[in-house]
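One letter stands for each residue in the lines below.
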Amino acid sequence: MTNLKPVDVAIIGGGWTGLAMAKEIASRTSHSVLVVERGGPRKTADYAMGMDELDYAVRLKLMQNIADDTVTHRHSLSDTAVPVRQYGSFLPGTGVGGAGEHWNGRAIRFLPDVFVLATHLKEKYGAGRLPADLAVADWGVTYDELEPHYWYAERMLGVSGKAGNLRGKTMEGGNPFEGVRKNEYPTPPLKTSYLGSLFEQASKKLGYHPFPCPASNLSETYKNPDGIVRPACAYCGFCERFGCMIGAKAQPSNTLLPVLERHKNFELRTGAWVRRIVHKDGRATGIQYIGANGEEFFQPAETVILASFTLSNVRLLHLSKIGTSYDPATGKGTLGRNLTHQVTGNTRLFFDKPLNAFMGTGSLDMRIADFDGDHGLTGSEGILRLGTIAASTPGNRPIASFGDIPQGAAKSNWGPEWKKASLEWRDRVGGIGLSGEHLAYRQNFLDLDPDYTDRFGDPLLRFTLDWTDHENKQRDFAARLAAKLAPEMGAKADPARPSGGRYNVINYQGTHIQGGTMMGKSPATSVVNRNLQHWDMPNLWVIGASAFPHTAAPNPTLTVLALTYWAADALIDRYLKHPEKLV
Ligand SMILES: Cc1cc2nc3c(=O)[nH]c(=O)nc-3n(C[C@H](O)[C@H](O)[C@H](O)COP(=O)(O)OP(=O)(O)OC[C@H]3O[C@@H](n4cnc5c(N)ncnc54)[C@H](O)[C@@H]3O)c2cc1C
Ligand code: SF4
């Protein structure tokens, strides 16, 4: 093993969180900052080489190679986990920018009550009426504390949207149910797609409040506070699973990296796969990684920041023997607890006219939040929380959208009859989807697999996760809503139930995996404190969605970034001046 020259701060992971934290430290202090990223370098020009759907969207060019690293999954403690050998349910990124390169760009704030959910549900329903296995918790940070950090993240990204609750005043065209915003969005909303306009009219007719999804895909040319100028989106549709070739979609490589490259105290080291956080006497001393040529290195650092997405954050702490593994049987231990995904379900809609849905962008949704959180729920539905409902036009690409036909339109899914039906239905199929809150339960958690290892011989991360009745009832509720909206949109809803039953690792659900290193008020129940500093190791910080005690309905990244900026303030303004426990 080669010992390297020490740095002040070593950050593991070069995605949204790692580079956002690096930018704050490198630009606000003179500390040396090293980002260690397992994948290769990336820049906008790489994407201009051509957007091949087969390469990027089918063969998953930008994603983590499943032969190098994967997870194992089981539904419950009594099952044996098996490795996920083909990605379906979620698509972790690798390389500079991480999944932030190929994300959709939806940038939605969480509702204020999400941050105090345990207290909120107890007050609303009474502790005795909540499910015994419910493990939701208060975060230790409130929406009001995060609001300026949300705004900082929105300006960095240039989020396009319309405020619905501006300093307490309800604004026409925005989401009236959102938490109070102090500022209008940095850029106006994206254009509305044809499908979106049908959904908008239908939901207004039924008395709901449609609004355009806040998007990191720019509606107009924008210069952010760091001086980065990006152009407006061209609605090319090659967006989710792709990097944007013109830089209209905010990605770490086109927002943070160009700023970081100007700083002499910043270094990015790619092809460096971290295997352990090294520690002694309750302090991290550095990181151990394997370089691109297979050589092993020890990188000493005064402070270590773990920013390698939920899966690696949890796994690296387990592998490094930092913290106590969660045991669902006793409820003791904290590392790995409160694993959540997101509750999704799509009802397909069949139209008698074309939708021109090949034009679109990753976040081009028209949404309603009338049932987000517990708005609009009477208690008789059998669910505690729901989420938002949207008609999305992310861009129907030739391969992915071909063959999307109503049940019974062809006898099999191949051959001339199927081809004819596919051509007939091409561009006439839309959808209404649920983006639902996934509550945390005692039985869903992450630990190390006892049998399966990665290419270095390190144990894989094991998922123990299944849906409960609650998630299936959430999907049913959303499907009933979609069925009500469909005729108003001039469409027929697919009668098939969108999804449900047991958790399935094969179908794509979203790369929104949360928990495992949850934040909180006490070391007895959480891994990191409210500043994302590890309870047991003051010079180790763990950032990203792994800190979420549960997830809200919207996609997580804006909240992940707001929390990163919140942690950066605590680290820079307090910890680096007096390196000790902040709580
Ligand atoms: C197809 C897709 C669409 C999405 N759309 C949205 C959306 O619309 N809205 C939204 O809010 N979110 C979306 N997401 C999720 C979003 O991309 C993530 O929330 C976000 O990227 C998380 O940032 P991160 O820094 O925690 O992780 P990442 O961006 O994944 O970065 C983590 C980095 O750490 C590196 N790393 C991991 N392990 C190691 C190791 N051992 N050593 C060294 N480096 C390591 C990885 O290679 C990676 O580059 C989407 C994700 C996908 C895949
Ligand atoms: S749809 Fe817009 S943001 Fe997405 S890749 Fe195309 S131009 Fe870029």
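Higher on the page you've got the structure.
Residues numbered from 1 in each chain as written. Chains lettered and ligands numbered in written order. Predicted model: local features only at pLDDT ≥ 70, side-chain atom pairs only at ≥ 80, totals over all residues. Heavy atoms only, no water.

(A) Highlighting the overall build of the chain. A tally of helices and strands in the chain yields 13 helices and 22 strands. Relative to a compact globule of 583 residues, whose C-alpha radius of gyration would be 25 Å, the chain shows 23 Å and is just as compact. Taken along the three principal axes of its C-alpha coordinates, the chain extends 65 × 60 × 50 Å. Taken over 583 residues, the chain has a buried fraction of 62%. Intrachain contacts of the chain at a sequence separation of at least 6 include 75% that bridge at least 24 residues. Averaging the locations of the 64 positively and 59 negatively charged side chains of the chain gives two centres separated by 1 Å. (Helix = DSSP H or I, 4+ residues; strand = E, 2+ residues; numbered from the N terminus. Rg over C-alpha atoms; globule rule 2.2 N^0.38 Å. Buried < 20%, exposed > 50% of the residue type's maximum accessible area, 1.4 Å probe, protein only. Contact = heavy atoms within 4.5 Å. Lys, Arg positive; Asp, Glu negative; His and termini not counted. Charge placed at Lys NZ, Arg CZ, Asp CG, Glu CD.)

(B) Highlighting the sheet that holds strand β18 (residues 429–436). The six strands lie next to each other as β8-β16-β17-β18-β15-β21, forming an open sheet whose pairing is antiparallel. Bordering the open sheet on either side are β8 (211–212) and β21 (492–493), each of which pairs with just one other strand. Pairing geometry for strand β16 (residues 365–368) and strand β17 (residues 387–392), over four bridges, is antiparallel. When the sheet's bridge partners are listed, R367 is paired in β17 with A390. Across the sheet, helix α6 (residues 194–205) is in contact with β16, β17 and β18; its angle to β16 comes to roughly 20°. Contacts from helix α12 (residues 469–488) reach β15 (343–350), β17, β18 and β21, with the element oriented near 25° to β15. (Pairing = 2+ DSSP bridges. Axes fitted to C-alpha atoms, helices over the stretch in contact; angles between N-to-C directions.)

(C) Spotlight on the site of ligand 1. The local shell around ligand 1 holds 36 residues, among which T17, E37, R38, S312 and T557 are the closest. Take G95: an N or O atom from its main chain is 3.0 Å from an oxygen atom of ligand 1. Compared with its free state, where it exposes 1,000 Å², ligand 1 has 98% of that area covered by protein. Secondary structure elements with two or more residues in the shell around ligand 1: α1 (16–28), β12 (273–280) and α9 (309–319). Counting residues per element, the shell around ligand 1 draws most heavily on α9, at three residues. Class assignment for the residues of the shell around ligand 1 results in 13 nonpolar, 19 polar and four charged. (Near = heavy atom within 4 Å. Polar contact = N/O pair within 3.5 Å; in protein donor to acceptor, adjacent residues only side chain to side chain. Areas by Shrake-Rupley, 256 points an atom, 1.4 Å probe, with all protein chains shown as cover. Nonpolar A, V, L, I, M, F, W, Y, C, P; charged D, E, K, R; others polar.)

(D) Focus on the site of ligand 2. Near ligand 2, the surroundings consist of 14 residues, among which C233, C236, C239, C244 and T361 are the closest. Among the residues forming the shell around ligand 2, the class breakdown is nine nonpolar, four polar and one charged.

(E) A look at empty space enclosed by the protein. This structure, assessed with the given rule, holds four cavities of 30 Å³ or more. Roughly 170 Å³ of volume is contained in the largest cavity. Forming the boundary of the largest cavity are 18 residues, of which I108, R109, N175, E178 and Y185 lie nearest the centre. Its residues placed into classes, the lining of the largest cavity shows 10 nonpolar, three polar and five charged. The calculated volume of the second largest cavity comes to roughly 80 Å³. Lining the second largest cavity are 13 residues, with L190, K191, P212, L364 and D365 positioned closest to its centre. Looking at the lining of the second largest cavity residue by residue, the class counts come to six nonpolar, five polar and two charged. (1 Å grid on protein atoms, 1.4 Å probe; cavity = no way out; pocket = protein on both sides within 12 Å on 5 of 7 lines; lining within 4 Å. Points joined across faces, edges and corners; volume = space filled by probe spheres on them.)

(F) Layout of the packing of aromatic side chains. Within this structure, the stated rule accounts for 21 aromatic pairs. Ring centres of F115 and W139 lie 4.8 Å apart, and the angle between their planes is 65°; on these two criteria the pair is classed as edge-to-face. With F115 in the loop between β5 (82–83) and α4 (117–125) and W139 in the loop between α4 and α5 (143–157), the pair connects residues that are 24 residues apart, well separated along the chain. Both residues of the pair, F115 and W139, count as buried. Plain terms: the ring middles of F238 and F242 are 5.4 Å apart, the flat faces sit at 65° to each other, and that makes the pair edge-to-face. Among the residues examined, F238 registers a relative accessible area of 23% and is labelled partly exposed. (Phe/Tyr/Trp six-rings, centres within 6.5 Å; stacked < 30°, edge-to-face > 60°.)

(G) How the structure looks around a nonpolar patch on the surface. Taken together, the side chains of L54, V58 and I399 present a nonpolar region at the surface, about 230 Å² in accessible area. Residue placement: I399 occurs in helix α10 (residues 398–401). Look at I399 and you get partly exposed, because its relative accessible area is 43%. (Patch = residues over 30% accessible without salt bridge, like charges linked within 9 Å, V, L, I, M, F, W, Y side chains within 5 Å. Salt bridge = Lys/Arg side-chain N within 4 Å of Asp/Glu carboxyl O.)

(H) Looking closely at the layout of surface pockets. In this structure, the second largest pocket spans a volume of roughly 420 Å³. When grouped by side-chain class, the residues that make up the lining of the second largest pocket number 12 nonpolar, six polar and five charged.

(I) Representation of α9 in the model. With respect to burial, α9 is a largely interior element, 10 of its 11 residues being buried. Immediately beyond the C-terminal end of α9, within one or two residues, lies K321, with a positive phi of roughly 55°.

(J) Up close: the sheet that holds strand β4 (residues 71–74). Taken in spatial order, the four strands of this open sheet run β5-β4-β20-β19, and their pairing is mixed. A single partner strand is all that each edge strand has here, and the edge strands are β5 and β19 (445–453). Across four bridges, the pairing between β4 and strand β20 (residues 459–464) is parallel. Residue pairing for β20: V71 is matched across the bridge by L461.

(K) Expanded view of the nonpolar core. Core analysis: the biggest nonpolar cluster contains 127 residues, and L157 and F463 have the highest contact counts within it. Top element by residues in this core is helix α13 (residues 557–575). It accounts for 13 residues. With near-sequence residues (within four places) excluded, F463 lies in contact with V71, T72, H73, R74, F90, L311, L339, F445, L446 and I513. The next biggest cluster of nonpolar side chains, apart from the first, holds 12 residues, and it includes A135, V136, L439 and Y441. (Core = buried A, V, L, I, M, F, W, Y, C linked by side-chain atoms within 4.5 Å.)

(L) Inspection of the pattern of salt bridges at higher detail. By the definition in use, this model includes 34 salt bridges. In this structure, the salt-bridge partner of D458 is R276, at a minimum N-O distance of 3.0 Å. Separated by 182 residues along the polypeptide, D458 in the loop between β19 and β20 and R276 in strand β12 bring together distant segments of the chain. Since its relative accessible area comes to 21%, R276 is described here as partly exposed. As a salt-bridge pair, E417 and K411 come within 3.7 Å of each other at their nearest N and O atoms. Its relative accessible area of 39% is what places E417 among the partly exposed residues. Residue classification places K411 among the exposed residues on the basis of a relative accessible area of 78%. Residues participating in the shared-partner salt-bridge network are K23, E24, R28, D226, D569 and D573.

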